[in-house]
Amino acid sequence: MIIRRLRRLPLPALLLATCIGLAATSARAEASLLGTWVLDEAALRADVDAVVAEQFQTLPTDARAQAEQAMRAEVDRIVQTAAGTIQFRADGTATSVSAAGLSEWVWTSNDGVVRLEKKEALVSDVPLLGTIVNDALYLEPDVAGEPGLPLPLKRAPSAPGDDRG
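Just so you know, these numbers come straight off a predicted model, no measurement behind them.

### Thoughts on the overall build of the protein
And then number 1: Scanning the protein for helices and strands turns up four helices and eight strands.
And then number 2: Taking all 165 residues of the protein together, 22% fall into the buried category.

This is the structure in structure tokens:
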């Protein structure tokens with residue numbers, strides 16, 4: 001029924017309706033990003049376990065045990081340095097607090113992909129790309145040719161009277 005109605009619309013009206021729909025989807029994605037997020041340690045460990053099971057399955061037992069131990073040590077290091085919060089605000093800024101200290105960011109969202117750039121970035125600082133999947137935000141460095149394991153974040157528990165923006 002809806003398809004038939006859309007087919008009857010003149011092309012400019014159809015294009016306008018499509019643009020409005022895409023803008024609304026983008027606005028909902030941006031609104032769902034607002035608020036405070038924290039590292040989802042359980043999800044990170046589950047993701048690493050899945051990678052270990054897949055990538056190390058053909059290794060001999062001793063080599064596999066060493067590789068698993070090294071991966072788990074790396075996850076422990078990541079948890080120690082990434083534990084903290086990142087708060088996204090409606091004005092396109094974000095603040096992260098972690099073991100690395102406080103960082104100010106600028107964020108944009110386009111087609112469901114969030115891009116974070118440090119306000120006062122050093123040469124070694126790379127932007128982060130993120131996507132929201134269900135209730136999780138997955139962040140990873142925007143480094144071409146170097147795929148990594150996205151860092152899963154979840155919403156921080158809200159305090160009574162806490163607003164998300």
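### Regarding the confidence of the model for the protein
And then number 1: With 75% of its residues at a pLDDT of 70 or more, the protein has an overall mean of 78.
And then number 2: Mean pLDDT values over the elements of the protein span from 39, in helix α1 (residues 2-8), up to 94, in strand β1 (residues 35-39).
And then number 3: Note on residues 1-28: pLDDT under 50 across the span, and two contacts to partners over four residues away in sequence or across chains.

### Things to note about helix α4 (residues 61-82)
And then number 1: Relative to the 32 Å expected for 22 residues at 1.5 Å per residue, α4 spans 31 Å between its end C-alpha atoms, a close match to the ideal helical length.
And then number 2: Along α4, the positions that sit buried rather than exposed are A67, V75 and V79. Seen from one end, α4 has its buried residues packed into an arc of 115°, which puts them on one side. Away from its buried face by more than 90 degrees, α4 exposes D62, Q66, Q69 and Q80.
And then number 3: Among the structural elements, β1 and α3 (41-55) are those in contact with the buried residues of α4.
And then number 4: Looking one or two places after α4, you find G84, whose phi comes out positive at around 160°.

### Observations concerning the packing of aromatic side chains
And then number 1: In the structure shown here, the tally under the stated rule is one aromatic pair.
And then number 2: Where F88 meets W107, the ring centres are 5.9 Å apart and the plane angle is 80°; that geometry is what we call edge-to-face. Note that F88 is positioned in strand β2 (residues 84-88) and W107 in strand β4 (residues 101-110), a separation of 19 residues in sequence.

### Examining the side chain of S96
And then number 1: Looking at the element boundaries, S96 is found in strand β3 (residues 93-98).
And then number 2: Judged by its relative accessible area of 12%, S96 is buried.

### A few points about the packing of α3 against α4
And then number 1: Close contact between α3 and α4 brings their axes to 11 Å; oriented N to C, the two are set at 155°. In terms of their interaxial angle, α3 and α4 are classed as roughly antiparallel. By crossing handedness, the relation of α3 to α4 is classed as right-handed. Taking contact as the criterion, the partners of E41, L44, R45, V48, D49, V52 and A53 in α3 are, on α4, R64, E68, M71, R72, V75, D76, I78 and V79.

### So, the environment of S109
And then number 1: You can see S109 is positioned in strand β4.
And then number 2: For S109, a relative accessible area of 16% puts it in the buried group.
And then number 3: Considered as a pair, S109 and G130 are 21 residues apart in the sequence and their alpha carbons are 9.1 Å apart.

The rules behind these values
- Residues numbered from 1 in each chain as written.
- Predicted model: local features only at pLDDT ≥ 70, side-chain atom pairs only at ≥ 80, totals over all residues.
- Heavy atoms only, no water.
- Helix = DSSP H or I, 4+ residues; strand = E, 2+ residues; numbered from the N terminus.
- Buried < 20%, exposed > 50% of the residue type's maximum accessible area, 1.4 Å probe, protein only.
- pLDDT = per-residue confidence, 0-100.
- Contact = heavy atoms within 4.5 Å.
- Expected span 1.5 Å × (residues − 1).
- Arc of directions from axis to C-beta.
- Phe/Tyr/Trp six-rings, centres within 6.5 Å; stacked < 30°, edge-to-face > 60°.
- Axes fitted to C-alpha atoms, helices over the stretch in contact; angles between N-to-C directions.
- Parallel < 35°, antiparallel > 145°, perpendicular 65-115°, else oblique.
- Left-handed = near helix turned anticlockwise from the far one by under 90°.

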